[in-house]
Amino acid sequence: MYSCGLKHARARLDKKIIAGFNHSCDLVKYMKTGELEAIELPRELIELEEWLVIGEQKEIAVSESTLNYLVDSLGYDEERAGGLVGQIAREAPGLGVEVYAHVSGKCRKLTGINSDKVLIADKGGFKPAIQFNKECTPPRHFVMEFEKGLEISGKKLESSIRIIATYDSCAFDFLLDNEFLDSIKNEVKEINKAVLSGFHLVLESSAGKIRQVGKIIEEWREINPDIFIHIEFGQFQNRRALVETEKLFPLIDSIGLNSGELIAVTGEEELEKGLSILAERMERVLFHNQYCSALITSSDNPKEARAALQFASICSAYKILHDKVLNLRELENFKISRLSERGIEIAQNLKITDFHGKKAIVVPSLYIESPRSLVGAGDTFALAYTLVM
């Protein structure tokens with residue numbers, strides 16, 4: 001299914017991409033029945049059980065002491081590169097793509113990617129991430145995976161859910177790496193794609209720093225007018241950071257967000273109304289969740305845009321089912337014959353909606369009955385979509 005997406009990727013896949021600005025170390029914990037009830041929830045996570053009952057994915061900024069408490073109380077099952085930059089650094093090399101990665105700290109545990117296709121800025125330019133051997137304590141995201149059917153306080157979860165508790169001083173203060181910003185100017189002429197994120201974690205006191213990104217984008221476009229820049233949203237922790245990020249809209253090509261993020265930006269609970277508000281402000285709006293993906297656009301070839309969404313859906317489903325890094329050869333043989341029924345319903349509604357002269361190109365998600373892991377599924381989707389747009 002979605003063979004057109006794979007055909008499109010073979011013809012259009014870019015081989016270089018810029019990834020910024022949030023990079024972390026994910027501590028992944030696969031939760032078991034009784035583990036959550038056995039600890040006293042910290043103040044920042046006091047509503048966690050409520051989020052699980054209603055099936056709401058969350059990323060919450062927490063204090064360092066809270067993150068340490070979760071690690072000490074629950075432990076974790078694996079450690080991996082995280083944040084959008086980390087996820088792209090893990091996945092893109094398997095597609096044959098070089099990643100110019102922005103990281104605000106350069107050490108073995110933070111970069112930790114075993115590929116010479118992931119490049120980090122250093123004095124004199126970029127070099128492979130595997131060459132950084134310095135030890136450090138990186139920003140950490142504690143990722144709790146709750147499997148469908150898991151019993152929480154006597155109730156079985158109706159779907160798999162991921163809750164992230166984040167302590168990330170680099171993202172909180174929006175620390176930018178000057179070596180990266182200087183070095184990328186020498187490379188950006190040959191790089192046609194960029195995915196940026198991390199703005200949602202910026203503290204209110206540091207939100208003004210987001211304005212720097214506008215100047216950075218303008219510099220890149222002066223060097224390479226053809227660069228396609230996508231911003232991937234997250235769950236904003238304060239209104240000011242959201243407002244500063246919205247000021248970047250006129251400078252970029254595309255934004256991506258899920259249901260909760262759309263509500264936070266527009267204030268609209270109804271999907272069609274929320275997308276309509278954003279469609280007035282953006283050239284392209286990419287909506288994606290576990291059920292479907294939709295691109296609201298008037299400027300793209302519908303057939304090619306649909307194929308881009310199909311390829312992104314394949315990559316995301318592969319990630320969710322196998323929790324393995326992407327591999328183009330394996331994607332060719334990846335077969336899922338069922339689509340999300342809820343996604344088909346959403347598609348029918350969006351296809352008949354007019355978004356101020358723009359139309360929705362909608363692709364139902366491939367249905368995964370038993371996800372292996374939800375970590376990085378959204379970032380994987382954003383990566384695949386951007387690479388073939």
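Residues numbered from 1 in each chain as written. Predicted model: local features only at pLDDT ≥ 70, side-chain atom pairs only at ≥ 80, totals over all residues. Heavy atoms only, no water.

1. Structural notes on the sheet that holds strand β16 (residues 292-297)
Strand order in the open sheet formed by ten strands is β7-β6-β5-β1-β12-β13-β14-β15-β16-β17, and the pairing between neighbours is mixed. Two strands lie at the open edges of the sheet, namely β7 (125-128) and β17 (359-364), each paired on one side alone. Between one strand axis and the next, the sheet turns through 25° on average, direction left out of account. Where strand β12 (residues 193-196) lies against strand β13 (residues 228-232), four bridges are found, and the strand directions are parallel. Its bridge partner being in β13, Leu196 is matched across the sheet by Ile231. (Pairing = 2+ DSSP bridges. Helix = DSSP H or I, 4+ residues; strand = E, 2+ residues; numbered from the N terminus. Axes fitted to C-alpha atoms, helices over the stretch in contact; angles between N-to-C directions.)

2. Comments concerning the side chain of Thr386
Structurally, Thr386 is set in helix α15 (residues 377-388). Since its relative accessible area comes to 0%, Thr386 is described here as buried. A distance of 2.8 Å separates a polar side-chain atom of Thr386 from the backbone oxygen of Ala382. The residues contacting Thr386, other than those within four sequence positions of it, are Ile17, Lys193, Ala194, Val195, Phe228 and His230. (Buried < 20%, exposed > 50% of the residue type's maximum accessible area, 1.4 Å probe, protein only. Polar contact = N/O pair within 3.5 Å; in protein donor to acceptor, adjacent residues only side chain to side chain. Contact = heavy atoms within 4.5 Å.)

3. What about the sheet that holds strand β2 (residues 24-30)?
Strands sit in the order β3-β11-β8-β2-β4 across an open sheet of five strands; the sheet is mixed. The open sheet terminates on both sides in strands that have one partner only, identified here as β3 (58-61) and β4 (78-82). For this sheet, the mean inter-axis angle between neighbouring strands, taken without regard to orientation, is 25°. Here four bridges tie β3 to strand β11 (residues 161-167), and the two strands are oriented parallel to one another. Across the sheet, residue Lys58 finds its bridge partner in β11, namely Ile163. In the packing of helix α4 (residues 83-91) onto the sheet, the strands contacted are β2 and β4, and the crossing angle to β4 comes to about 100°.

4. Notes on helix α12 (residues 302-322)
Taking 1.5 Å per residue as the helical rise, α12 with its 21 residues ought to reach 30 Å, and the 30 Å between its terminal C-alpha atoms agrees with that figure. A large share of α12 lies buried, amounting to 15 of its 21 residues. At the N-terminal end of α12, a side-chain oxygen is found 2.9 Å from the backbone nitrogen of Lys303, two or three residues along, and the residue is Asn301. Of the residues one or two after α12, Asp323 is the one with positive phi, at around 50°. (Expected span 1.5 Å × (residues − 1).)

Everything listed here is a matter of geometry and, on its own, says nothing about what the molecule does.
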